[in-house]
Amino acid sequence: MPKSQVRRDQFGGLLRTLRLERRLTQEELAESAGSSVRGIREMERGRVRSPQRRTVVLLADALRLAGADRDRFVALARVERQPHDRAEAPGDRAEVPHDRAAMVVPGELPAAVPDLAGRAEILERLAALAADVTAGRPDTASVVVLHGPPGIGKTSLAVAAGHRLSPAFAGGQLFVDLQGVSPDGPVDPAEALAGLLRSLGVPDSRVPVSLAERGGLFRTLTRDRPLLVVLDNAASEAQVRPLLPAGRGCLALVTCRRPLTGLAGAVRLPLDLLTPAAGRLLLAAIVGADRIAAEPVAADQLVKLCGRLPLAVRIAGNRLASRPQWSVGWLVDLLHDQRRRLTVLTAGDLGVRSAFEVSYRQLDPMTARVFRRASLIPGTDFEPALVAAVAGTAEETAAAALEELVEAGVLLTLGDRYQFHDLVRLYAQERLDAEEQQVCRTEAHDQMVGWLLRRTRQAGLMFEPVACRVDSPFDDDRAAAYWLDRESGNWLAALRDAARRGRHADVVAVTRDLHWYSDANSHRHSWDEIFSLGVAAARAAGSPRDEAVLLNFLGWARYFCRDRNTDGLAALDRALELARLIGDRREEAWALTYTAAIFIRIGSGVLAVDHCRRAVGLFREIGYALGEHGAASVQGGALAALGRFAEAADLHRDVLAFYGRGSGLSRTGAAVARAGAMMSLGADLAGMGQWRAAADEYADARRMFHSCGATFSEANAIHRYGLALQALGEVDAAAEALGAALALYTALSCPWWEAQTLYALAALAGSAAGGAADARRLRERALDRCGELDAPEVRTLRATLRRELAGF
């Protein structure tokens, strides 16, 4: 056996003998000496050929060696180093150790949390990436950035992944906390490199002075060494770049609140919030499965109140684990108080508030102001223009601040929109209350509400007839619709706020200006609530004309959007009474028209025809062609309900021609009106048995509704198209069309229309061989969707379904 091997075994054997004599475990000795367990193990086995002098001295101290025993221990280690080390000469400090394999194999990963939950997919992806790296596959990324907001579990995941992947990296595992969000500032890359070099066995005397030299030596030492490096809590790309190992068999896991987009070639893995199921698993792992299983509903609420943020769920679990007398429901009750939630989510040195505080204190004053003020926005997400309004700054400044907040990990991004995590919003509100006076907060809130109301009016007016339009920030009605759809949570909240605070004129103006938009988007917003707010505001302002207008809108919303015919008639009766009282013939005519539409629904066709004739006459008297043809279209529907299909078709062709000539409506409004006339004409043709012609009209109407984003009307067109195909005997195509209509109705939550479509599908299923069971299930679903709706047509279908189900 070579002499050097004997000496190495002698030192390792002596170390082991001394440790055992003192009844120390490897773990205890490592802790006392400030070393790693793996390092102790490798030295005892004789695999470390050049233990550092500092390490040997610390081991001698930990073993309480003195006198001759200490001298012999240190001397034996020095003898083993001598074949490999030489005295330092001037200029040797950046020199690479002679035998790179003589270095300690580091194992620096902290202990992994035992209850990691919800990260299996990312762990599998990291394992696959590590396999590619260690196999030396070309074009494999060697840097992974795990990024996400505070408390998302980046460090826990990186450490857990490191432990799982460590067998693939025989060269060792390094761990550095870069303190990227520390109040004292991040770790200097040069300092971090010095630590990495020492971990790789480079003596202090040979650690170079400059950052460039340290980086060069680190890359040299890692070029042929399969190494896993975990760089935790990084501040920036500039801090990370010098610390990346150079070997193709090396992998660096970087955690950061920012995605570090400047790191070329890195794989970026954003960490999402826990799923509800993963949140329950984490709670069960901390608290005990039986305790969570005993209160499943409360456990789900707890995960939700924690915002599915891993840190918050872990803290909640720790609090329950330390208080076995608490029920899960008790903690849920505590968390329901938003003012105390962040305080409750504190356990020992863990706290959600402190995690957010670190990021907040690093923001510049304007970005911090934007962060605080954005918490006043009522909706779940928002755009830079709205943030600019509430922060009292330019849109460009607000946009830059929002991007900085995303980079800091305290704001989420949804394309070109932004969103708070629930707990971060609470923290932002705390900072707003603490740092800004009440008068400033009120002013910011009022600025936001005023801006939203003005912008909503501007968007709504884009749907008015061309002659009524005003200068607008929107290019066309489609751009206006896009804004209204995306900002609905904000403008509706602003409208409610204005109503509560008695801003009657503003509420009336906004609700009136949304009328034509509501025609094209009938089932997208809660129009019955919106127009109810308008009616109340008009009444409070003492404006009977506005009240009559808005009562007409409300009646339409109740019958057309909510299938509440009786409530719709009540609103329209009041509108008709007010209009006649103040001599407003236009609103009188609209009240008659909308009432006629309800009469058609409840089977009063004769009354409907009479109301429409009167409405047409009134509109004609005042020279309002748009209203005249709207009433004529409803009159055609009433004639069709009475079986007078040819007369109805003539009326609907005239209406269609009017819209084709140019009605003065906006582009979207005109398209919706034309498509509506096509639907009516299709119904007339179907009544005359001309099913193919009817199907063509429905198909054309469907395409036009789809292009306008009028989803409910599109569903109606598809529904009727399916019925026409059914009449033509095209069963498969009919089932496909009806299924598509059902999906749209379900998405819009239109139970009456769902019930009708399910009934039609049941008829198709019942006609197929072996389809009786499917037909029954469809009828049962149709009966369920009829629910508690109270209208003649609903009662008729409900009775039919019960009779048919009883006959099965």
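**Regarding the environment of Tyr624**
Inference 1: With respect to the helices, strands and loops of the structure, Tyr624 is situated in the loop between helix H31 (605–621) and helix H32 (625–641).
Inference 2: Residue Tyr624 is classed as buried on the basis of its relative accessible area of 15%.
Inference 3: Excluding residues within four positions of it along the chain, Tyr624 makes contact with Trp516, Arg586, Trp590 and Phe619.

**Concerning the nonpolar core**
Inference 1: Of all hydrophobic cores here, the largest spans 188 residues; its most connected members are Leu251, Leu302, Phe371 and Phe382.
Inference 2: If one sorts the elements of this core by residue count, helix H34 (residues 667–687) sits on top with 11 residues.
Inference 3: Dropping the residues within four chain positions of it, Phe371 is found in contact with Tyr360, Leu363, Leu405, Val410, Phe420, Val424, Tyr427 and Ala428.
Inference 4: Judged by nonpolar contacts, the second largest core, of 31 residues, contains Val187, Ala194, Leu196 and Val240.

**Regarding the pattern of salt bridges**
Inference 1: By the definition in use, this model includes 49 salt bridges.
Inference 2: Notably, a salt bridge pairs Arg431 with Glu435, separated by 3.0 Å at the nearest N-O pair. Of this pair, Arg431 and Glu435 are both found in helix H21 (residues 422–435), four residues apart, which corresponds to roughly one turn of the helix.
Inference 3: Between Arg501 and Asp497 there is a salt bridge, and its shortest N-O distance comes to 3.5 Å.
Inference 4: The exposure class of Asp497 is buried, given its relative accessible area of 9%.
Inference 5: Here the salt bridges do not stand alone but share partners, grouping Glu357, Arg361, Arg372, Arg373, Arg431, Glu435 and Glu436 into one network.

**Overview of the sheet that holds strand E5 (residues 267–270)**
Inference 1: Strand order in this open sheet of five strands is E2-E3-E4-E1-E5, and the pairing throughout is parallel. The open sheet terminates on both sides in strands that have one partner only, identified here as strand E2 (173–177) and E5. Across the sheet, the axes of successive neighbouring strands diverge by a mean angle of 15°, strand direction being ignored.
Inference 2: Two strands pair when backbone bridges link them, and strand E1 (residues 143–147) and E5 are joined in this way by four bridges, in the parallel orientation. If you follow His147 over to E5, its bridge partner there is Pro270.

**With respect to the sheet that holds strand E10 (residues 417–419)**
Inference 1: The strand order across the open sheet built from three strands is E8-E10-E9, with neighbouring strands paired in antiparallel fashion. At either margin of the open sheet sits one strand with a lone partner, and together these are strand E8 (381–382) and strand E9 (412–414).
Inference 2: In this structure, E9 lies alongside E10, joined through three bridges in antiparallel fashion. Residue pairing in the sheet places Leu414 in a bridge with Arg417 of E10.

**Examining helix H24 (residues 488–500)**
Inference 1: A rise of 1.5 Å per residue sets the reference length of H24, with its 13 residues, at 18 Å; its end C-alpha atoms lie 18 Å apart and thus fit the reference within 8%.
Inference 2: Every buried residue belonging to H24 is among Asn490, Trp491, Leu492, Ala493, Ala494, Leu495, Asp497 and Ala498, and all of these are buried.

**Some words on the pairing of strand E4 (residues 251–256)**
Inference 1: With six of six residues buried, E4 is to be regarded as a mostly interior element.
Inference 2: Taking every second residue as pointing to the same face, both faces of E4 are buried, with Leu251, Leu253 and Thr255 on one and Ala252, Val254 and Cys256 on the other.
Inference 3: Across five bridges, E1 lies against E4 in parallel orientation. From the neighbouring strand, Val145 faces E4, where its bridge partner is Val254.

**A short note on the confidence of the model for the protein**
The predicted structure's coordinates, where accompanied by low pLDDT, should not be read in detail.
Inference 1: On average, residues of the protein score 89 in pLDDT, and 94% of them are at 70 or above.
Inference 2: In this model, residues 1–9 is a region of pLDDT below 50 whose contacts with residues beyond four sequence positions or in other chains number 10 contacts.
Inference 3: In this model residues 81–102 is a low-confidence stretch, pLDDT under 50, and it forms 43 contacts with partners more than four residues away in sequence or in other chains.

**Notes on helix H17 (residues 352–360)**
For the α-helix, the turn length of 3.6 residues means that residues three or four positions removed from each other point alike.
Inference 1: Those residues of H17 lying buried are Val352, Ala355, Phe356, Ser359 and Tyr360. Buried residues of H17, viewed axially, fall in a sector of 135°; they line one side.
Inference 2: Summarising the contacts, the buried residues of H17 are in contact with helix H14 (310–322), helix H16 (338–344), strand E7 (350–351), helix H18 (365–374) and H21.

**With respect to the side chain of Arg372**
Inference 1: By the secondary structure assignment, Arg372 is in helix H18.
Inference 2: Residue classification places Arg372 among the buried positions, given a relative accessible area of 10%.
Inference 3: Those residues in contact with Arg372, other than ones at most four positions away along the chain, are Tyr360, Ala428, Arg431, Leu432, Glu435 and Glu436.

Conventions adopted
- Residues numbered from 1 in each chain as written.
- Predicted model: local features only at pLDDT ≥ 70, side-chain atom pairs only at ≥ 80, totals over all residues.
- Heavy atoms only, no water.
- Helix = DSSP H or I, 4+ residues; strand = E, 2+ residues; numbered from the N terminus.
- Buried < 20%, exposed > 50% of the residue type's maximum accessible area, 1.4 Å probe, protein only.
- Contact = heavy atoms within 4.5 Å.
- Core = buried A, V, L, I, M, F, W, Y, C linked by side-chain atoms within 4.5 Å.
- Salt bridge = Lys/Arg side-chain N within 4 Å of Asp/Glu carboxyl O.
- Pairing = 2+ DSSP bridges.
- Axes fitted to C-alpha atoms, helices over the stretch in contact; angles between N-to-C directions.
- Expected span 1.5 Å × (residues − 1).
- pLDDT = per-residue confidence, 0-100.
- Arc of directions from axis to C-beta.

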